[in-house]
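# Architecture and fold: a report
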Amino acid sequence: MIEVVRHTYRLRPGVTAAGALLAEWGRCRWLWNEAVHQHKSGNKSTFGALSKMLTEARARYTWLRDGSQVAQQQTLRTYAAALAHSFTIKGRGRPTVKARKRSLPSLEYTLRGFTITDGRLRLARGISMPVVWSRPLPSPPTSVRVYRDSLGHWYASFVVRRERIDAPAASGAIGIDWGVTTTATTTDARFDLPHLGHRKRCAAELAKAQRKMARRRRPKGHAQSNGYRSAKRAAAKLHKKAARQNTHDSRQWAKAIVDNHQVIAVEDFKLKFLAKSTMARKAADAAIGAAKRELIERGTRAGRKVVLVPPAYTTMTCSSCATRAKQRIGLNVRVFECAACGFTACRDLNAARTILATVERDRAGADDVRHLITSLRGAGSNAVRAEDPPDLFVGSVKIR
């Protein structure tokens, strides 16, 4: 079976190529902001209307004609897709203005706008740069995204097709509950993901770099010194280092989960409310969202059955007798004790077992947890059918 994936490589542009990329990004950013203005003004901002606007603008402005029409069209296509998603996907806001100082450059090219010759990536308008080929491309790419990160490093992300790598045969099921003290608690303690605290280990160095930035910062309207830019780069390096360590750990953990389990029940944990709590810094350090996203993507790509279970009442429900506690359990209470049957366990482990008990149903509603556990009483976690087809369940919606 063929799958579409992205392969990312580091670019080594010279001064001339980097300047040309930034100039191209300036034109595309202007088009994006103009599209945002058109929508706010009440004008039609579909891709067709924006393409007509682009044709008229290129005929009017010489500086816009100096750029690649492919990159500019792809910018408008991306905007149109983002605007459409804001109406159909819950939680997506309208596209906003890309400020010059806050937005990072990102350019997209289709087959008409790039070629790969002698190991170099050649873009429209004569932009050429070497690529660090860390691995061969499995097939000729159909498009490429050229972008720059916060450290000033340039990358090329190619869209390619490749043969899907079949995951090893697996049986059994596992339930996963997200937390802060332990990032992921599972029904099998061997697969728990501990809180590793990569950002906390960099806190002292980060504070030192930020203090240096504060001392060397010049008033608004004055160009910043080389010392300020050096301190800013050091702080960005520490942020990037911690993020990469979290990404690596999440990938290794998700791979172990997917390789050993056919059915994966995941708490559909929403992280937005933690940003306003006293646990915001520790939750950001745990990178729960990155681990959850990596697990879901790997599981669905490998053909596993991934179930997203709503978290309501999973902590309050006893995984042994299905009795729900009458009052909420405070976060300072780390041990769950059932008043009905006397069952005692770690609250996160109890929640993971409760989450696992819901995967036999297509609908994993909050009120279903208690009744489902009652039907499985005495059967244990092995009651889950591992022969179910590989689907992704989000609440009551099945995604094939």
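Figured I'd write up the structure that's included with this text. (Residues numbered from 1 in each chain as written. Predicted model: local features only at pLDDT ≥ 70, side-chain atom pairs only at ≥ 80, totals over all residues. Heavy atoms only, no water.)

### Focus: the packing of aromatic side chains
Tallied over the entire structure, the rule returns 10 aromatic pairs. Judged by centre distance (5.3 Å) and plane angle (85°), the ring pair of Trp 32 and Tyr 79 falls under edge-to-face. Taken together, the residues Trp 32 in helix 1 (residues 15-40) and Tyr 79 in helix 4 (residues 69-88) connect sequence positions 47 residues apart. One exposure class covers both Trp 32 and Tyr 79, and it is buried. By way of ring pairs, the aromatic residues Tyr 9, Phe 114, Trp 133 and Phe 158 are connected into one cluster. Across from the ring centre of Trp 32, 4.4 Å away, lies the NZ or CZ of Lys 98, which sits over that ring. (Phe/Tyr/Trp six-rings, centres within 6.5 Å; stacked < 30°, edge-to-face > 60°. Helix = DSSP H or I, 4+ residues; strand = E, 2+ residues; numbered from the N terminus. Buried < 20%, exposed > 50% of the residue type's maximum accessible area, 1.4 Å probe, protein only. Lys NZ or Arg CZ within 6 Å of the ring centre and 35° of its normal.)

### Digging into helix 4
Between its terminal C-alpha atoms helix 4 stretches 29 Å, which fits the 28 Å expected from 20 residues at 1.5 Å a residue. Three or more residues of helix 4 are buried, namely Val 70, Ala 71, Gln 72, Gln 74, Thr 75, Leu 76, Tyr 79, Ala 80, Leu 83 and Ser 86. Against the buried residues of helix 4 lie helix 1, helix 2 (47-60), helix 3 (62-65) and strand 2 (106-110). Structurally, the start of helix 4 carries an N-cap: the backbone nitrogen of Val 70 is 3.3 Å from a side-chain oxygen of Ser 68. (Expected span 1.5 Å × (residues − 1). Contact = heavy atoms within 4.5 Å. Polar contact = N/O pair within 3.5 Å; in protein donor to acceptor, adjacent residues only side chain to side chain.)

### What about the nonpolar core?
Buried together is how nonpolar side chains tend to be arranged in soluble globular proteins. Counting 24 residues, the largest nonpolar core has Leu 11, Leu 21, Tyr 109, Leu 121, Leu 123, Val 146 and Phe 158 as its most contacted members. For this core, the leading source of residues is helix 1, giving five residues. Residues within four places of Leu 121 in sequence aside, it is in contact with Leu 11, Phe 114, Thr 115, Ile 116, Ile 127, Ser 128, Met 129, Val 131, Val 146, Ala 156 and Phe 158. By size, the runner-up hydrophobic cluster in this structure holds 22 residues, among which are Ala 254, Val 258, Val 266 and Ala 286. (Core = buried A, V, L, I, M, F, W, Y, C linked by side-chain atoms within 4.5 Å.)

### Description of the layout of surface pockets
Size it by volume and the largest pocket reaches roughly 1,500 Å³. For the largest pocket, the lining is made up of 37 residues, of which Arg 6, Thr 247, Arg 251, Glu 294 and Glu 297 are closest to its centre. Within the residue set of the lining of the largest pocket, elements represented by two or more residues are strand 1 (2-11), strand 6 (143-148), strand 7 (154-163), helix 7 (226-260) and helix 9 (288-301). Examining the composition of the lining of the largest pocket, we find that nine residues originate from one element, helix 7, more than from any other. When its residues are assigned to classes, the lining of the largest pocket shows 12 nonpolar, six polar and 19 charged. Lining the second largest pocket are 27 residues, and of these Arg 100, Lys 101, Arg 148, Arg 229 and Lys 232 sit closest to its centre. The leading source of residues in the lining of the second largest pocket is helix 7, at five residues. Across the lining of the second largest pocket, the residue classes break down as eight nonpolar, seven polar and 12 charged. (1 Å grid on protein atoms, 1.4 Å probe; cavity = no way out; pocket = protein on both sides within 12 Å on 5 of 7 lines; lining within 4 Å. Points joined across faces, edges and corners; volume = space filled by probe spheres on them. Nonpolar A, V, L, I, M, F, W, Y, C, P; charged D, E, K, R; others polar.)

### Considerations on the sheet that holds strand 2
Pairing is antiparallel across the open sheet formed by seven strands, whose spatial order is 2-6-7-1-5-4-3. Looking at which strands have only one partner, the edges of the open sheet turn out to be strand 2 and strand 3 (114-117). The average angle at which neighbouring strand axes cross in this sheet is 35°, direction not considered. Helix 1 contacts strand 2, strand 4 (120-123), strand 5 (127-132), strand 6 and strand 7 of the sheet and is inclined by roughly 90° relative to strand 2. (Pairing = 2+ DSSP bridges. Axes fitted to C-alpha atoms, helices over the stretch in contact; angles between N-to-C directions.)

### Overview of the pairing of strand 7
With seven of its 10 residues buried, strand 7 lies for the most part within the structure. As paired strands, strand 1 and strand 7 are joined by 10 bridges and run antiparallel to one another. The residue of strand 7 that forms the bridge with Thr 8 is Ser 157. Summarising the sheet, strand 6 and strand 7 pair through six bridges and their orientation is antiparallel. For Val 146, the partnering residue across the bridge sits in strand 7 and is Ala 156. Connecting strand 6 to the next strand, strand 7, in antiparallel fashion are five residues, including Gly 152 with a positive phi near 90°.

### Observations concerning empty space enclosed by the protein
Scanning all chains against the criterion turns up one cavity of 30 Å³ or more. Empty space within the largest cavity amounts to approximately 90 Å³. In terms of lining residues, the largest cavity is bounded by 13 residues, among which Thr 183, Pro 194, Leu 196, Asn 246 and Ala 286 are the most central. Those elements that provide at least two residues to the lining of the largest cavity are strand 10 (193-194), helix 7 and helix 8 (280-286).

### Brief notes about the side chain of Thr 314
Within the secondary structure, Thr 314 is located in the loop between strand 12 (305-309) and strand 13 (335-337). In this view, Thr 314 contacts Asn 350, Ala 351, Thr 354 and Ile 355; residues no more than four positions away in its chain are not counted.

### Side note on unusual backbone geometry
One non-glycine residue, Asp 118, adopts positive backbone phi at about 55°. Of note in this structure, Tyr 313 is not a glycine but carries a positive phi near 70°. Secondary-structure assignment places Tyr 313 in the loop between strand 12 and strand 13. On the basis of relative accessibility, which here comes to 33%, the residue Tyr 313 falls in the partly exposed class.

### Let's talk about the pattern of salt bridges
Scanning all chains against the criterion turns up 10 salt bridges. The shortest N-O distance in the salt bridge between Glu 108 and Arg 145 comes to 3.4 Å. Of this pair, Glu 108 sits in strand 2 while Arg 145 sits in strand 6, and the two are 37 residues apart along the sequence. By relative accessible area, Arg 145 is classed as partly exposed at 27%. Taking the shortest distance from any N to any O, the salt bridge between Lys 292 and Asp 268 comes out at 2.8 Å. Here the residue Lys 292 occupies a position in helix 9, and Asp 268 occupies one in the loop between strand 11 (263-267) and helix 8, the gap between them amounting to 24 residues. Of the two residues examined, Lys 292 and Asp 268, each falls in the buried class. (Salt bridge = Lys/Arg side-chain N within 4 Å of Asp/Glu carboxyl O.)

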